[in-house]
Amino acid sequence: MQSSNSYTYFFVITMAVISALLLAMLKINLQERQEFNKALDTKKNVLKTVGLLEPGMSGSEVEELYTTRFTRQAVTDSDGNEREYYTYGSFQSPEGYVLPVSGKGVWSTINGFIALEPDKNTVKGISFYDHGETPGLGGEIEKDAFANRFRGKKIFRDGELVSITIAKARLEQESEHAVDGISGASLTTGAINTFLRKNLTDYLQLLR
Amino acid sequence: MAIKKAFDTFAGPLAKSNPITTQVLGICSALAVTVKMDTALVMSAALIFVLVGSNIIVSALRNLIPSRVRIIVMLTIIATLVICIDQILKAFLFDISKQLSIFVGLIITNCIVLGRAEAFALKNTVGESALDGLGNGIGYGLILLLVAAVRELLGSGTMLGIQIVPRFLYVDQGGWYVNNGFMLLAPGAFIILGLLVWVQRTITGYTEE
């Protein structure tokens, strides 16, 4: 009986249905929590770019800072699309701007935020929080050590938007428009160079 | 007699037939998640859950599973358990699940799990299989934690995130100490793992046949 084809089909199909049912039930039960975590993580990263995030901050503290210190606004890019961004601090005297940046990496879409000082030129902070790059190589972009290199860099040179280039050569590092790259992650950082410049261009209406 | 056999089933994989150092299984994740001890801990817990679970289920179904499709059936069981644990981590330990990224999903292809299901659970009772899974899982976890402890201490100067190397010794604080960045990279894990295998095989006298 055990070796008959019909038994094999029966067993495999039963097995698959039970597994699928179990996983579907689990997903439905956990989905709300997972989405909450994801949304909280995004908010944490908005705070992180402007240096507000302290280690060990609770979810409700993050939530409160996020709602009281940031205002969501939008500009129109050259293609006529709405582009959302956050103003940090009060409306009259903003302390900074946080712009979402995203684009294609090597394996995945990379999402992040870049925060600018009120002069709309100096970088306050950057954070890549959602990506599927190779852990240990391209995945290093999420590390603070990498993000810290962007702080204080300038995105405009003589009134022209040059964005920030992640460079390989040490010479480039000393420029105020370039940061040191990551060994073994040339493709990921190259992709960031491309989409960072494009994303910043989309916000020209705000930055000018 | 029965108790001794049960004990051997559980304790053998802790040292003598350790899945990593003796059987050389599950190396890839051992290299990848051992930069910090907290990720190594969660990874070990996840693997123990999957290993014990799959061993119990495979053993319980061992007389029902058609032998011609047994590998696919076992993989289905393992994959189901792995997705379970991945979803649970995403819901309750989001930050750590983010650091572990794809490696929890890769437990599906961790050779230890399928290896124990095929070599042990298919031929033994549920109780023995559970013990075998637990023993192998803990044996894997021990090595992971050992490697992670060395890497975290030398690479970041911390243990479980707590600063061990005094802050004032660091160069940026006016001292002379610099963390060994090499330990944070995969080759650092290779070397520590190699040393562990060497030490263990010297003590047990185990040689490849």
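All figures in this text were calculated on a predicted structure; none of them were measured in a lab.

Draft legend 1. The arrangement of the overall build of chain A in detail. Helices and strands together make up the secondary structure of chain A, namely 6 helices and 9 strands. Whereas a compact globule of 208 residues would reach a radius of gyration of roughly 17 Å, chain A reaches 22 Å, over 25% beyond that. By its C-alpha atoms, chain A is 80 × 40 × 40 Å across when sized along the principal axes. Out of the 208 residues belonging to chain A, those deemed buried represent 43%. Relative to all contacts within chain A whose residues are 6 or more apart in sequence, the contacts with residues 24 or more apart total 44%. When the accessible surface of chain A is totalled, it reaches about 11400 Å², and 53% of it is carbon and sulfur.

Draft legend 2. Fine view of the pattern of salt bridges. All names here are of chain A. Scanning the entire structure with this criterion turns up 15 salt bridges over all chains. One salt bridge connects aspartate 77 with arginine 83, and the closest N-O pair in it is separated by 2.9 Å. A relative accessible area of 6% means that aspartate 77 is categorised as buried. On the basis of relative accessibility, which here comes to 24%, the residue arginine 83 falls in the partly exposed class. Residues joined in a network through salt bridges with shared partners are Asp77, Arg83, Lys198 and Asp202.

Draft legend 3. Structural context of the nonpolar core. If you look at the biggest cluster of nonpolar residues, it comprises 47 residues, and the most contacted ones within it are Met43, Val50, Val58, Leu100, Ile107 and Leu144 of chain B. Considering each element in turn, this core owes the most residues, 9 residues, to helix α3 (residues 37-60) of chain B. In terms of nonpolar packing, the next biggest core, distinct from the first, is built from 30 residues, Tyr85, Leu116, Val123 and Ile126 of chain A among them.

Draft legend 4. Up close: the sheet that holds strand β1 (residues 70-76) of chain A. All names here are of chain A. Taken in spatial order, the 5 strands make up an open sheet running β1-β2-β3-β4-β5, and their pairing is antiparallel. Of all strands in the sheet, those bounded by a partner on one side alone are β1 and β5 (123-130). For this sheet, the mean inter-axis angle between neighbouring strands, taken without regard to orientation, is 25°. Together, β1, β2 (82-89), β3 (94-104), β4 (109-116) and β5 form the strand contacts of helix α1 (residues 5-49), whose direction differs from that of β5 by roughly 160°. Against the sheet, helix α2 (residues 59-69) makes contact with β1, β2 and β3, and its axis sits at roughly 50° relative to β1, the strand it touches most.

Draft legend 5. Just the pairing of β3 of chain A, in detail. Residue and element names in this part refer to chain A. Pairing analysis gives 4 bridges linking β2 to β3, with the strands arranged antiparallel. Bridge pairing in β3 links tyrosine 88 to glycine 96. Between β2 and β3, which pair antiparallel in sequence order, lie 4 residues. Pairing between β3 and β4: 8 bridges, direction antiparallel. In the sheet register, valine 101 faces β4, and the bridge partner there is glycine 112. Taken together, β3 and the strand that follows it, β4, pair antiparallel across an intervening segment of 4 residues.

Draft legend 6. Geometry of the layout of surface pockets. In this structure, the second largest pocket encloses a volume near 230 Å³. In terms of lining, the second largest pocket is formed by Phe10, Phe11, Thr14, Met15, Ile18, Ser19 and Leu22 of chain A together with Ile57, Leu61, Ile77, Thr80 and Leu81 of chain B. Elements supplying a minimum of two residues to the lining of the second largest pocket: α1 of chain A together with α4 (70-92) of chain B. Looking at the lining of the second largest pocket, its residues break down into 9 nonpolar, 3 polar and no charged.

About the criteria used
- Residues numbered from 1 in each chain as written.
- Chains lettered and ligands numbered in written order.
- Predicted model: local features only at pLDDT ≥ 70, side-chain atom pairs only at ≥ 80, totals over all residues.
- Heavy atoms only, no water.
- Helix = DSSP H or I, 4+ residues; strand = E, 2+ residues; numbered from the N terminus.
- Rg over C-alpha atoms; globule rule 2.2 N^0.38 Å.
- Buried < 20%, exposed > 50% of the residue type's maximum accessible area, 1.4 Å probe, protein only.
- Contact = heavy atoms within 4.5 Å.
- Areas by Shrake-Rupley, 256 points an atom, 1.4 Å probe, with all protein chains shown as cover.
- Salt bridge = Lys/Arg side-chain N within 4 Å of Asp/Glu carboxyl O.
- Core = buried A, V, L, I, M, F, W, Y, C linked by side-chain atoms within 4.5 Å.
- Pairing = 2+ DSSP bridges.
- Axes fitted to C-alpha atoms, helices over the stretch in contact; angles between N-to-C directions.
- 1 Å grid on protein atoms, 1.4 Å probe; cavity = no way out; pocket = protein on both sides within 12 Å on 5 of 7 lines; lining within 4 Å.
- Points joined across faces, edges and corners; volume = space filled by probe spheres on them.
- Nonpolar A, V, L, I, M, F, W, Y, C, P; charged D, E, K, R; others polar.

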